[in-house]
Amino acid sequence: MSAEMKQLSALDTQFLAIENDRNYGHTGGLAVLDPSTAPGGQLTLEDLKGFISSRLHLIPPFTSRLAQVPFNLDWPYWVKDEHFDIGYHVREIALPPPGDLAQLTEQVGRIYSRQLDRSRPLWELYLIQGLTGGMAALLSKTHHAAVDGMSGSEIMSAIYDLSPEPHEVEAPEETDDDLGGVPRGLDLLTQGITSLPRYPVNLATRLGRILPHADLLPSLTGVPGSERMSRSLSRARNFVGRNSDGQVIERPPVKAPRGPYGAAVSPHRIFGFGSMSLADIKAVKDAFAVKVNDVVVSLVAGAVRADLIRRGELPEEPLVVFVPISVRTEEERGTFGNKVSAMMVALPTHLDDPLERLVFSHEHLGVGKENHDALPVEAMRDISTLVPPALHTRAARVATRLSGRFTRPPWNVIVSNVPGPPVDLYCCGARLEAMYPLSIISDGMGLNVTVMSYRDSVDIGITADREQTPEVQEIVGFMQQELTLLLERIPCSSK
């Protein structure tokens, strides 16, 4: 195999497996830029293409396409795209006057609601001109099979600078590696056949360690029967005193209720954008001795509660939130792909008082983190050698199709908090003013709230289904209102 070929993991492949004409596997971001700081006071398509081209060697996923192993005998590979065309991936559009937020959001939804072309590297970048106030925007789409939140931040660091003058980038190293064209199907078939014997061995050696935690692993969450099997095996191992992993993980007593944001998604996405003061969030954190993530989750809880009350759909029991957690080591920085786990905890939508919601979030996220840390690292990060690819891919598709329709969804809402830089960033000399994250929703799990800190703000990006949640922008307003309510509860002595 060529040194320029990299195999996908089970989790990488799952983001490919869930895709159909309604469920998409890409993530992205909407960056608002001020071109007045760029040379000539403008940001042009040619400037952007030249800039990105000069840094492509820093971002391997941007020049690699998928190569499937015949009959799904093994996980796919990333291979160099011999016909890479920067003009296909970096495009330009313009909004008609006045170029306001509503027009921008509408255009972002249209572009985002299209699958990426799997015959090419799985990313696109749109320069959007004509925003009000002379601003421009960059809309990015990158498949989750290629990046997770941490490696997405590494891509961001590759295409942004700390000053209007671009920093020097080392030229790519020349290699003598000759790919000899795209890999032949016969070569990949041979590679897949040689990998088959490892699955029975891995099944025998790893089953006891992984299965008691199967329902807590992102790659298996929601697969019918996984939770019942895991609970039974955990109790059995605890009974005989053979739990080599230190403890039996206690599952949260709550179940994700059916209904909220739980229908099959449509092909159409809609987004809510906004910002909050990072200083205000930290003031709440310090006053009540909690963490920033606790504050963020409680803000989402209050906003979701307000939204569901408005819709007449608030259940009596709390919703369940999925919180992604990076398990990427320092040595794995720059390797891209997915190195991510998650914890699932109750979201206090059943509580009326904002401060009670904050305390509840703090306590339950703390317990969730303890349970997450008790999971075997090998189980969290690598089940790709346990289940044959074809079977795993079909299971992921079935789980997505059943979720929220014939079974309870494993969770109702996804909440992700991504730390960003506290200083100004620039692209082609244009200063970054805000970065609104875009993410994934799927059948049964139709609301994703991702926030990213930048400078002195926390930028909000809410991804939803246009048909289920057309008023998604109101949820942003509810989050901002919830922060105001918590600020009002800070004791005078703490201000």
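Residues numbered from 1 in each chain as written. Predicted model: local features only at pLDDT ≥ 70, side-chain atom pairs only at ≥ 80, totals over all residues. Heavy atoms only, no water.

Caption draft 1: Representation of helix H4 (residues 101-112). In this model H4 runs 16 Å from its N-terminal to its C-terminal C-alpha over 12 residues, within 8% of the 16 Å that 1.5 Å per residue would give. Looking at H4, one finds that the buried residues are Leu 104, Thr 105, Val 108, Gly 109, Ile 111 and Tyr 112. Angular distribution of buried residues about the axis of H4 spans 165 degrees; they occupy a single face of the element. (Helix = DSSP H or I, 4+ residues; strand = E, 2+ residues; numbered from the N terminus. Expected span 1.5 Å × (residues − 1). Buried < 20%, exposed > 50% of the residue type's maximum accessible area, 1.4 Å probe, protein only. Arc of directions from axis to C-beta.)

Caption draft 2: Highlighting unusual backbone geometry. With an omega of 10 degrees, the peptide bond between Pro 97 and Pro 98 qualifies as cis. Residue Ala 289 is not a glycine yet carries a positive backbone phi of 55 degrees. Counting through the fold element by element, Ala 289 comes out in the loop between helix H9 (278-288) and helix H10 (292-311). A positive phi angle, near 55 degrees, is found at Cys 428, a position not held by glycine.

Caption draft 3: Structural detail: the packing of H10 against helix H14 (residues 472-488). Put simply, H10 and H14 touch, their axes get as near as 8 Å, and they point 125 degrees apart. In terms of their interaxial angle, H10 and H14 are classed as oblique. As H10 packs across H14, the resulting crossing turns out to be right-handed. Every residue of H14 that contacts H10 at Ser 298, Leu 299, Val 300, Gly 302, Ala 303, Ala 306, Asp 307 and Arg 310 is listed here: Glu 474, Ile 475, Phe 478, Met 479, Glu 482, Leu 483 and Leu 486. Here the contact of H10 with H14 is composed, by residue class, of 9 nonpolar, 2 polar and 4 charged. (Axes fitted to C-alpha atoms, helices over the stretch in contact; angles between N-to-C directions. Parallel < 35°, antiparallel > 145°, perpendicular 65-115°, else oblique. Left-handed = near helix turned anticlockwise from the far one by under 90°. Contact = heavy atoms within 4.5 Å. Nonpolar A, V, L, I, M, F, W, Y, C, P; charged D, E, K, R; others polar.)

Caption draft 4: Looking closely at the sheet that holds strand E4 (residues 77-80). The 3 strands are arranged E1-E4-E3 in an open sheet whose pairing can be described as antiparallel. Only two strands of the sheet have a single neighbouring strand rather than two, namely strand E1 (6-7) and strand E3 (64-67). Both E3 and E4 contribute to a ladder of 4 bridges, which runs antiparallel. If you follow Arg 65 over to E4, its bridge partner there is Val 79. (Pairing = 2+ DSSP bridges.)

Caption draft 5: Up close: the side chain of Ser 64. Locating Ser 64 in the fold gives a position in strand E3. Residue Ser 64 is classed as buried on the basis of its relative accessible area, which comes to 9%. Here the side chain of Ser 64 touches Pro 60 through a polar contact of 2.9 Å, landing on its backbone oxygen. (Polar contact = N/O pair within 3.5 Å; in protein donor to acceptor, adjacent residues only side chain to side chain.)

Caption draft 6: Structural detail: the confidence of the model for the protein. Averaged over every residue, the pLDDT of the protein is 82; residues scoring 70 or more account for 70%. Confidence drops under a pLDDT of 50 for residues 176-181, and excluding neighbours within four residues, the segment shows 7 contacts in the predicted structure. Contacts from residues 239-250, a stretch scored under 50 in pLDDT, to residues over four places away or in other chains number 18 contacts. (pLDDT = per-residue confidence, 0-100.)

Caption draft 7: Molecular detail of H14. With 17 residues, H14 extends 25 Å from end C-alpha to end C-alpha; this agrees with the ideal 24 Å at 1.5 Å per step. When we look at burial in H14, the residues that qualify are Val 472, Ile 475, Val 476, Phe 478, Met 479, Glu 482, Leu 483 and Leu 486. Along the axis of H14, the buried residues cluster in a sector spanning 160 degrees; they form a single face.

Caption draft 8: Focus on the sheet that holds strand E12 (residues 426-427). Taken in spatial order, the 6 strands of this open sheet run E5-E6-E7-E2-E13-E12, and their pairing is mixed. The sheet is open, and its two borders are formed by strand E5 (90-94) and E12, each paired with just one other strand. Across 6 bridges, strand E6 (residues 123-129) lies against strand E7 (residues 136-143) in antiparallel orientation. By the bridge assignment, Ile 128 is partnered in E7 with Ala 137.

Caption draft 9: Quick peek at the nonpolar core. Judged by nonpolar contacts, the single largest core of 44 residues is most densely connected at Tyr 261, Met 276, Val 284, Leu 358, Leu 447, Ile 462 and Met 479. Contacts of Met 276, omitting those with residues within four sequence positions, involve Ile 281, Leu 299, Asp 456, Ser 457, Val 458, Ile 460, Met 479, Gln 480 and Leu 483. Leu 45, Leu 56, Ile 59 and Leu 125 belong to the second-largest nonpolar core, a separate cluster that totals 41 residues. (Core = buried A, V, L, I, M, F, W, Y, C linked by side-chain atoms within 4.5 Å.)

Caption draft 10: Geometry of the pattern of salt bridges. All told, the structure shown has 22 salt bridges when counted by the stated rule. In this structure, the salt-bridge partner of Arg 22 is Asp 443, at a minimum N-O distance of 2.7 Å. One end of the pair, Arg 22, is in the loop between helix H1 (10-17) and strand E2 (26-34); the other, Asp 443, is in the loop between strand E13 (430-438) and strand E14 (447-454), and 421 residues separate them in sequence. Like Arg 22, the residue Asp 443 is buried in the burial classification. Note that Asp 352 and Arg 305 form a salt bridge whose closest N and O atoms lie 3.2 Å from each other. A residue pair is termed long-range when its members are at least 10 positions apart, and Asp 352 in the loop between strand E10 (340-347) and helix H11 (354-374) and Arg 305 in helix H10 qualify at 47 residues. Relative accessible area serves as the criterion here: at 60%, Asp 352 is assigned to the exposed category. The class of Arg 305 is buried, set by a relative accessible area of 12%. Salt bridges linked by common partners bring Asp 307, Arg 310, Arg 311, Glu 313, Glu 471 and Glu 474 together as one network. (Salt bridge = Lys/Arg side-chain N within 4 Å of Asp/Glu carboxyl O.)

Caption draft 11: Layout of the state of the cysteines. In this structure the tally under the stated criterion is 0 disulfides. Cys 427 carries a free sulfur, and the closest cysteine sulfur to it, the one in Cys 428, is 4.2 Å from it. (Disulfide = S-S within 2.5 Å.)

Caption draft 12: Focus on the environment of Leu 351. Position of Leu 351 among the secondary structure elements: in the loop between E10 and H11. For Leu 351, the contacting residues outside a window of four places in its chain are Arg 305, Glu 356, Arg 357 and Phe 360.

Caption draft 13: Fine view of the packing of aromatic side chains. Tallied over the entire structure, the rule returns 5 aromatic pairs. With centroids separated by 5.0 Å and ring planes inclined at 85 degrees, the aromatic side chains of Tyr 112 and Phe 271 adopt a geometry described as edge-to-face. Of this pair, Tyr 112 sits in helix H4 while Phe 271 is found in strand E8 (residues 269-277), placing the two residues 159 residues apart along the sequence. Of the two residues, Tyr 112 and Phe 271, both sit in the buried class. In textbook terms, an aromatic cluster arises when at least three aromatic residues are bridged by ring pairs, as seen for Tyr 112, Phe 271, Phe 273 and Tyr 436. A cation over a ring is seen here: Arg 91 above Tyr 88, with NZ or CZ 4.5 Å from the ring centre. It is Arg 120 that lies over the ring of Tyr 88; its NZ or CZ is 3.8 Å from the centre. (Phe/Tyr/Trp six-rings, centres within 6.5 Å; stacked < 30°, edge-to-face > 60°. Lys NZ or Arg CZ within 6 Å of the ring centre and 35° of its normal.)

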